[in-house]
Amino acid sequence: MASTYPVYRFDSFIVRTPSSSVVNGLRADDRGNPTYAGVLAEHAAYIHAVSRAGVEVTVLPPLEAFPDSIFVEDPALVFPEGAILLRPGAPTRAGETAEIAPVLKRLFSSVLDLPRGYADGGDVLTTQNSVMIGLSARTNREGAEALIESLARLGRKGEIVETPKDVLHFKTDCSLLDEETVLTTERLERSGVFKGFRTLLVPAGEEAAANALRVNDVVFVGSDYPRTAELLAAKGYDVVPLRTTEIGKIDAGLSCMSLRWRRG
Ligand code: CIR
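Residues numbered from 1 in each chain as written. Predicted model: local features only at pLDDT ≥ 70, side-chain atom pairs only at ≥ 80, totals over all residues. Heavy atoms only, no water.

**Side note on the environment of Ile100**
Step number 1: Note that Ile100 resides in helix H2 (residues 96-107).
Step number 2: With residues up to four places along the chain from it excluded, the contact list for Ile100 reads Arg16, Leu60, Val72, Pro75, Ala76, Leu85 and Leu259. (Helix = DSSP H or I, 4+ residues; strand = E, 2+ residues; numbered from the N terminus. Contact = heavy atoms within 4.5 Å.)

**Quick look at the pattern of salt bridges**
Step number 1: One pass over the structure, following the stated rule, counts 18 salt bridges.
Step number 2: Glu96 is the salt-bridge partner of Arg93, the closest N and O atoms lying 2.8 Å from each other.
Step number 3: When the shortest N-O distance is used, the salt bridge between Asp166 and Lys165 registers 3.9 Å. Assigned by exposure class, Asp166 and Lys165 land together as exposed.
Step number 4: Taken together, the salt bridges that share partners define one network made up of Glu73, Lys171 and Arg260. (Salt bridge = Lys/Arg side-chain N within 4 Å of Asp/Glu carboxyl O. Buried < 20%, exposed > 50% of the residue type's maximum accessible area, 1.4 Å probe, protein only.)

**Considerations on the site of the ligand**
Step number 1: Taken together, the residues surrounding the ligand are Leu26, Asp68, Phe71, Glu73, Asp74, Arg93, Gly122, Arg138, His169, Ile250, Asp251 and Cys256.
Step number 2: Arg138 has a polar side-chain atom sitting 2.8 Å from an oxygen atom of the ligand.
Step number 3: Note that a nitrogen atom of the ligand is positioned 2.7 Å from one of the backbone N or O atoms of Ile250.
Step number 4: Out of a free accessible area of 350 Å², the ligand has 97% covered by protein chains.
Step number 5: Within the shell around the ligand, the residues separate by chemical class into four nonpolar, two polar and six charged. (Near = heavy atom within 4 Å. Polar contact = N/O pair within 3.5 Å; in protein donor to acceptor, adjacent residues only side chain to side chain. Areas by Shrake-Rupley, 256 points an atom, 1.4 Å probe, with all protein chains shown as cover. Nonpolar A, V, L, I, M, F, W, Y, C, P; charged D, E, K, R; others polar.)

**Details of the UniProt feature "binding site: substrate" (unreviewed entry) in the chain**
Step number 1: Sites flagged by UniProt as "binding site: substrate" (unreviewed entry) map to Leu26, Asp68, Glu73, Asp74, Arg93, Arg138 and Ile250.
Step number 2: With respect to the helices, strands and loops of the structure, Glu73 is situated in the loop between strand E2 (56-60) and strand E3 (76-79).
Step number 3: Setting aside anything within four residues of it in sequence, one finds Glu73 in contact with Gly121, Gly122, Lys171, Ser255, Cys256, Ser258, Leu259 and Arg260.
Step number 4: Of note is the side chain of Glu73, whose polar atom sits 2.9 Å from the side chain of Lys171.
Step number 5: Among the secondary structure elements, Ile250 is positioned in the loop between strand E14 (238-242) and strand E15 (259-261).
Step number 6: Excluding its chain neighbours within four sequence positions, the residues that come into contact with Ile250 are Val22, Gly25, Leu26, Arg27, Pro34 and Phe71. (UniProt positions renumbered as here; feature names shortened; annotations may be inferred.)

Following this line, the structure appears as structure tokens:
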């Protein structure tokens, strides 16, 4: 493991301002289009909240041609020791990698390309000792195996795991709360992938809350999931609710809106 810092300690974030095309973003179930004003407000609140948690935020300009490009987590992975440009599995998102590449090349001395297959950053959970890569409709085995090779070049160990059926991304159903604790859903916990971790299960009916976001001393949780917030507060976490009602209509959680790393 290259870094001795807890993996939820960050000082740098990249986000991208939503374009008006965001209302046409991909979604599994149609719950209606989000409003552009609502997405902009939720995104602005996200930037404000993570800044208060102690990170410097680089805000990239909107990309009208890519409705889902607000979800910068998916076309790349970043670590203190370098970045990996991914190959998103949704055809309408493939071009997002070329858009973010120049930014990462300015910020990181080592930027690798995923050589083959498909992999979305939403399928990747970085823990203290390994990088878990969930197979999904967006990340195939060829991409996951190629990603393990790229990770090894950065000194990181990758492992391939399964994502529950009908779940968009591996991280749709989990997030790291601290070095040994994962917040997850019953369906993902049941698959046994979190051996060696303490798991906290989101209450039934609040499955979408499993994509929380630990940033330094706080845990951001979607404000539509009060029982998850209560559970985490009772366990001693400093919980900050963030509204995801509009972006949630295009299957967004909290991690997907940023790339996060620690420079120093
Ligand atoms: C998509 O289907 O690609 C977007 N509408 C949502 C992506 C969410 N990304 C993530 O959780 N990492």
